[in-house]
Structure formats: C-alpha cells, structure tokens
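Given next are the chains, with one letter for each unit.
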Amino acid sequence: MPSWTAASLSKDSQWRVVGFDVRCLLLACQKIERATSCGVPNDSKGLQDYPATIDCTVWPQIEQGEPAPMRNGFNLLDELMREVAFGSGEAFLSVAFQMPDSLIDPIADMFGIADKSRCHCLDEEWMLAGYDVVDIRTQSSVLHSAEFLPTAYGPTGGCLVSALNQFRILADQKKAIDIAVEADLKFPEHAPFSPCAVWIKLA
C-alpha cells in the first residue's frame with residue numbers, strides 16, 4: 001500500500017470514479033422526484049433505511065444473475081450495469097463512487113481500475129449524496145462498520161451522528177477528510193483510510 005494519507009488532500013484535489021454499482025433503494029430517495037421516477041415505487045412500504053456507503057455488507061448490491069459481472073478490487077463494476085437491474089424485480093439505484101486521484105494512481109493496477117475510468121464524467125444526471133470514509137482494502141465504512149464504530153466514536157457514534165446527512169453519510173468533504181486522517185491514527189493496521197464520494201444517478 002502507498003504511504004498516502006488523506007491529510008495531503010485539499011479543496012482543489014482531483015477525484016476519480018473507481019467504479020459503479022446497482023444497490024438497493026434508499027428510503028431517503030423517496031423525497032427526490034427524479035430518483036423516484038426510475039422504476040422506483042412511490043411509497044416507502046418495505047424499504048429499509050440503508051446508509052449510502054460503498055460497503056456492500058451495509059448497503060446491499062442487487063444480484064445481477066449469471067454469469068456475475070466482473071468486479072474490480074473495490075468490488076465495483078467498471079461500467080454501469082443498470083440495464084441488468086431492470087429485470088431483477090427489485091427497486092434499485094445506480095450509483096458511482098469516487099476517490100482522490102492521488103490515492104488511486106499508485107494502486108490502479110493492483111485494484112484493477114481501468115484507465116478509461118479517467119474518462120467517466122458524472123454530469124447533471126448524477127447527484128452527490130455525500131461522503132463515506134473507508135478502509136480501502138476491505139471497503140468497510142468507518143461511519144457504519146461495527147469494526148470501527150465502538151472504538152472510534154462510542155457505541156452510538158457520539159457526535160458523529162449529528163454530522164450525517166439524510167443519506168447517513170457526511171455532507172462535508174472536509175469532515176470526511178478529517179475523519180480519514182483520524183482513522184489512520186486510531187487504526188494504523190487498516191491505513192490508509194480514504195474519503196469516498198457517493199453519487200446517485202437520477203434519471
């Protein structure tokens with residue numbers, strides 16, 4: 001792993017798409033008109049309140065049949081597989097995840113990040129949901145993984161809870177960077193931690 005740290009990031013740092021996924025519908029998206037127009041039910045009956053984290057053990061992936069599509073080292077798809085999800089019979093969201101370019105460049109080959117990922121442009125059809133903070137090896141979320149929460153922020157997440165937005169991740173990029181730096185110090189065996197931007201496709 002590179003001796004990279006989120007402390008090197010600034011507001012001018014470049015970010016890069018590390019992959020796409022198809023995930024279970026978020027309860028928070030019921031309030032977003034363009035998100036609820038994409039084959040999504042108009043009521044919240046039966047929906048679970050998942051947080052919008054890259055961690056698929058917390059925010060489940062939609063199964064996409066056989067053969068299973070190839071995934072990169074972040075357990076994500078290189079291309080958006082939304083058309084496969086239409087046949088799943090489940091309410092879904094197409095999502096994209098970004099991490100800092102300065103982190104991804106040295107590990108792109110190791111994690112199977114395609115060169116074409118540099119060309120992925122998240123236009124007006126995408127909405128920034130917020131920022132997760134993750135162990136890049138396992139994609140475990142510092143905000144939601146039981147492995148980190150009890151030690152890092154107390155059994156209920158302490159003051160961190162008030163910083164979470166409607167998607168139960170961080171709205172503020174600077175806060176995500178600060179938590180990643182703090183996690184490096186508290187859990188050095190898992191470092192480096194990285195902020196991760198989470199984007200939802202609207203229509």
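Residues numbered from 1 in each chain as written. Predicted model: local features only at pLDDT ≥ 70, side-chain atom pairs only at ≥ 80, totals over all residues. Heavy atoms only, no water.

### Let's talk about the overall build of the protein chain
Consideration 1: When its secondary structure is counted, the protein chain shows four helices and four strands.
Consideration 2: Taken from the N to the C terminus, the helices and strands of the protein chain come in the order β-α-β-α-β-α-α-β.
Consideration 3: For the protein chain, buried positions account for 50% of its 203 residues.
Consideration 4: Contacts in the protein chain between residues at least 24 apart in sequence constitute 78% of all its contacts with a sequence separation of at least 6. (Helix = DSSP H or I, 4+ residues; strand = E, 2+ residues; numbered from the N terminus. Buried < 20%, exposed > 50% of the residue type's maximum accessible area, 1.4 Å probe, protein only. Contact = heavy atoms within 4.5 Å.)

### Topic: the packing of aromatic side chains
Consideration 1: Under the defined criterion, the tally for this structure stands at four aromatic pairs.
Consideration 2: A ring pair is formed by Phe-20 and Trp-126, whose centres lie 6.0 Å apart and whose planes are at 45°; its orientation type is tilted. Residue Phe-20 is found in strand S1 (residues 15-24), and its partner Trp-126 is found in strand S3 (residues 126-135); the two are separated by 106 residues along the sequence. (Phe/Tyr/Trp six-rings, centres within 6.5 Å; stacked < 30°, edge-to-face > 60°.)

### A look at the pattern of salt bridges
Consideration 1: Scanning the entire structure with this criterion turns up eight salt bridges.
Consideration 2: A salt bridge links Arg-16 to Asp-105; the shortest N-O distance between them is 3.0 Å. Of this pair, Arg-16 sits in strand S1 while Asp-105 is found in helix H2 (residues 101-111), placing the two residues 89 residues apart along the sequence.
Consideration 3: Residue classification places Arg-16 among the buried residues on the basis of a relative accessible area of 3%.
Consideration 4: On the basis of relative accessible area, Asp-105 is assigned to the partly exposed category, the value being 40%.
Consideration 5: As a salt-bridge pair, Asp-21 and Arg-71 come within 3.2 Å of each other at their nearest N and O atoms. Placement of Asp-21 in strand S1 and of Arg-71 in the loop between S1 and helix H1 (82-85) is noted, with a sequence separation of 50 residues between them.
Consideration 6: Note on Asp-21: relative accessible area 0%, which makes it buried.
Consideration 7: Three or more residues are tied together by salt bridges with common partners; here these are Arg-16, Asp-101 and Asp-105. (Salt bridge = Lys/Arg side-chain N within 4 Å of Asp/Glu carboxyl O.)

### Thoughts on the sheet that holds strand S2 (residues 92-100)
Consideration 1: On the basis of which strands lie adjacent, the open sheet formed by four strands has the order S1-S2-S4-S3 and antiparallel pairing. The open sheet has two free edges, formed respectively by S1 and S3, since each of these has just one partner strand. Strand-to-strand twist in this sheet, taken as the mean axis angle between neighbours without regard to direction, amounts to 30°.
Consideration 2: Across nine bridges, S1 lies against S2 in antiparallel orientation. If you follow Phe-20 over to S2, its bridge partner there is Ala-96.
Consideration 3: Running over the sheet, H2 touches S1, S2 and strand S4 (193-201) and is turned about 90° from S2.
Consideration 4: Along the sheet, helix H4 (residues 173-186) contacts S1, S3 and S4; its crossing angle with S4, the most-contacted strand, is approximately 145°. (Pairing = 2+ DSSP bridges. Axes fitted to C-alpha atoms, helices over the stretch in contact; angles between N-to-C directions.)

### Overview of the confidence of the model for the protein chain
Consideration 1: When pLDDT is averaged across the protein chain, the result is 79; 71% of the residues are at 70 or more.
Consideration 2: Note on residues 36-40: pLDDT is under 50 here. Beyond four places in sequence and across chains, it has twelve contacts. (pLDDT = per-residue confidence, 0-100.)

### Quick notes on unusual backbone geometry
Consideration 1: Residue Ala-191 is joined to Pro-192 through a cis peptide bond whose omega torsion reads 5°.
Consideration 2: Here Pro-192 is to be found in the loop between H4 and S4.
Consideration 3: Although it is not a glycine, Gln-139 sits at a positive phi angle of roughly 65°.
Consideration 4: Relative to the elements of secondary structure, Gln-139 occurs in the loop between S3 and helix H3 (149-153).
Consideration 5: For Gln-139, a relative accessible area of 10% gives the class buried.

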